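Letter by letter, the chains look like this.
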Amino acid sequence: VFATKTGNDDFNPDAAAGFIPDFMYNQKVTWLSGANDGAWAYEPKKNWPGSKLTFFAYAPYTEKGGKTGITGMTGRNDAGSPKLSFRMDSDIDSQIDLLYADAGATENLVKEDRVQLLFYHALSRISFCCTVDETVDVNSKITINGLTFSSSELGVTGDFNLYSGKWDNLSKQEMSYTLSVAGADLVNSNNGLSSAAGKYLMIIPSETAVPVEITVDYDITTTDDKLAGGSVTVQNSVTTSFNHNFEIGKAYNFTLCISLKTVDVGVEVADWSDDETDWTPKK
């Protein structure tokens with residue numbers, strides 16, 4: 001949490017005098033389980049001043065930032081909106097779900113008993129589901145070995161503004177992510193596969209249409225009792241290209257319908273549902 005005293009004025013990130021986070025600076029707040037369903041706690045405890053306060057918050061907490069994810073933040077004496085420096089991790093397992101609080105709901109508060117923080121997702125989330133086209137022979141089985149998602153115009157670094165809830169200073173480059181789903185078998189069009197055992201790919205939102213490539217590596221195994229091994233396997237790799245706009249806080253589920261030589265893509269877009277994640281932010 002960051003918190004700024006503004007006296008009798010309202011918070012203005014462009015104020016000539018400048019507002020700095022002079023009440024809380026990167027204050028760690030921890031959920032403590034226990035009686036009465038637990039509580040959020042922090043140290044040292046602060047008393048409400050005779051002033052308006054504006055609060056900003058993000059999660060997960062970091063003390064100084066790392067090489068990827070949250071890499072840094074504005075300083076104690078930096079005026080204006082608190083910002084987080086961010087770098088996408090190319091390793092899906094190491095990516096974080098960056099959250100930010102609605103600053104409009106905690107702006108210019110006066111002697112509040114409790115500050116309610118309502119969190120939103122700052123990234124876009126991508127998942128995949130695979131099916132087999134009905135034209136694939138019933139004696140054939142498709143085994144997915146891997147999925148690769150890439151784009152030449154995805155953000156790799158940027159600054160996230162905790163006041164506006166927007167990304168600034170994006171640096172874009174070719175980004176490629178591989179989801180390993182080795183050994184996942186598809187035998188007909190009614191047998192769907194969710195890739196990477198429920199793992200999700202996070203990206204910095206593009207907010208405009210960007211070129212996307214999805215490559216699927218798979219084996220086609222056809223049963224044939226006349227062969228010594230009882231079957232024959234052919235390896236295949238297919239790439240499909242299209243343009244897509246990725247918005248902040250949206251979840252995208254790409255359905256890949258795999259045939260012998262092509263992959264058709266369908267997409268469902270939804271608000272990011274917190275009951276599908278391991279950690280649900282609380283007010």
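Overview of the structure. (Residues numbered from 1 in each chain as written. Predicted model: local features only at pLDDT ≥ 70, side-chain atom pairs only at ≥ 80, totals over all residues. Heavy atoms only, no water.)

Quick look at the overall build of the protein chain
Scanning the protein chain for helices and strands turns up 0 helices and 18 strands. Looking at the protein chain as a whole, 43% of its 283 residues qualify as buried. Relative to all contacts within the protein chain whose residues are 6 or more apart in sequence, the contacts with residues 24 or more apart total 67%. Surface accessibility of the protein chain: about 14900 Å² in total, with carbon and sulfur atoms responsible for 44%. (Helix = DSSP H or I, 4+ residues; strand = E, 2+ residues; numbered from the N terminus. Buried < 20%, exposed > 50% of the residue type's maximum accessible area, 1.4 Å probe, protein only. Contact = heavy atoms within 4.5 Å. Areas by Shrake-Rupley, 256 points an atom, 1.4 Å probe, with all protein chains shown as cover.)

Thoughts on the pattern of salt bridges
Inspection of the entire model under this criterion finds 2 salt bridges. Put simply, Asp10 and Lys52 hold a salt bridge, and the shortest N to O gap is 2.7 Å. Of this pair, Asp10 sits in the loop between strand E1 (2-7) and strand E2 (30-32) while Lys52 sits in strand E4 (residues 52-56); the two residues are 42 residues apart in sequence, bridging distant segments of the chain. Asp10 sits in the partly exposed class, given a relative accessible area of 44%. As a salt-bridge pair, Lys83 and Asp168 come within 3.9 Å of each other at their nearest N and O atoms. Here Lys83, found in strand E7 (residues 83-87), pairs with Asp168, found in strand E12 (residues 166-186); they are 85 residues apart in sequence, far enough to count as distant. Classification of Lys83 by relative accessible area gives partly exposed; the value is 29%. (Salt bridge = Lys/Arg side-chain N within 4 Å of Asp/Glu carboxyl O.)

Details of unusual backbone geometry
Cis rather than trans, the peptide bond between Glu43 and Pro44 has omega equal to -5°. Take Pro44: it is sitting in the loop between strand E3 (39-41) and E4. Ala59 connects to Pro60 through a cis peptide bond whose omega is 0°. Structurally, Pro60 can be placed in the loop between strand E5 (58-59) and strand E6 (69-73). One non-glycine residue with positive phi stands out, namely Asn108, at about 60°. Here Asn108 lies in the loop between strand E8 (99-101) and strand E9 (119-121). Phi at Asn169 takes a positive value of approximately 55°, unusual for a residue other than glycine. Mapping Asn169 onto the fold places it in strand E12.

Thoughts on the sheet that holds E5
Strands sit in the order E5-E8-E9 across an open sheet of 3 strands; the sheet is antiparallel. Looking at the sheet topology across the chains shown, the edges are occupied by E5 and E9. Where E5 and E8 come together, 2 bridges link them in antiparallel fashion. Note on E8: the bridge partner recorded for Tyr58 is Tyr100. (Pairing = 2+ DSSP bridges.)

Looking at the side chain of Asp97
By secondary structure assignment, the location of Asp97 is in the loop between E7 and E8. Side-chain polar atoms of Asp97 contact the side chain of His121, separated by 2.9 Å. (Polar contact = N/O pair within 3.5 Å; in protein donor to acceptor, adjacent residues only side chain to side chain.)

A few points about the pairing of strand E11 (residues 140-161)
The buried fraction of E11 is high, at 18 of 22 residues. Judged from the 5 bridges that link them, E7 and E11 form a sheet pairing that is antiparallel. Across the sheet, Leu84 pairs through a bridge with Phe160, a residue of E11. With 10 bridges joining them, E11 and strand E15 (residues 209-223) adopt antiparallel strand pairing. Residue Ser150 lies in a different strand from E15, and its bridge partner there is Glu213.

Here's the deal with the packing of aromatic side chains
How two aromatic rings sit relative to each other is set out by the distance from centre to centre and by the angle between their planes. Counted under the stated rule, the structure contains 18 aromatic pairs. Measuring from centroid to centroid gives 5.9 Å for Trp48 and Phe55, while their planes differ by 45°, and the two rings are tilted. With a relative accessible area of 24%, Trp48 lands in the partly exposed category. Since its relative accessible area comes to 5%, Phe55 is described here as buried. Looking at Lys46, its charged tip hangs above the ring of Phe23, at a distance of 5.2 Å from the centre. The positively charged end of Arg125 is found above the aromatic ring belonging to Tyr200, 3.9 Å away from the centroid. (Phe/Tyr/Trp six-rings, centres within 6.5 Å; stacked < 30°, edge-to-face > 60°. Lys NZ or Arg CZ within 6 Å of the ring centre and 35° of its normal.)

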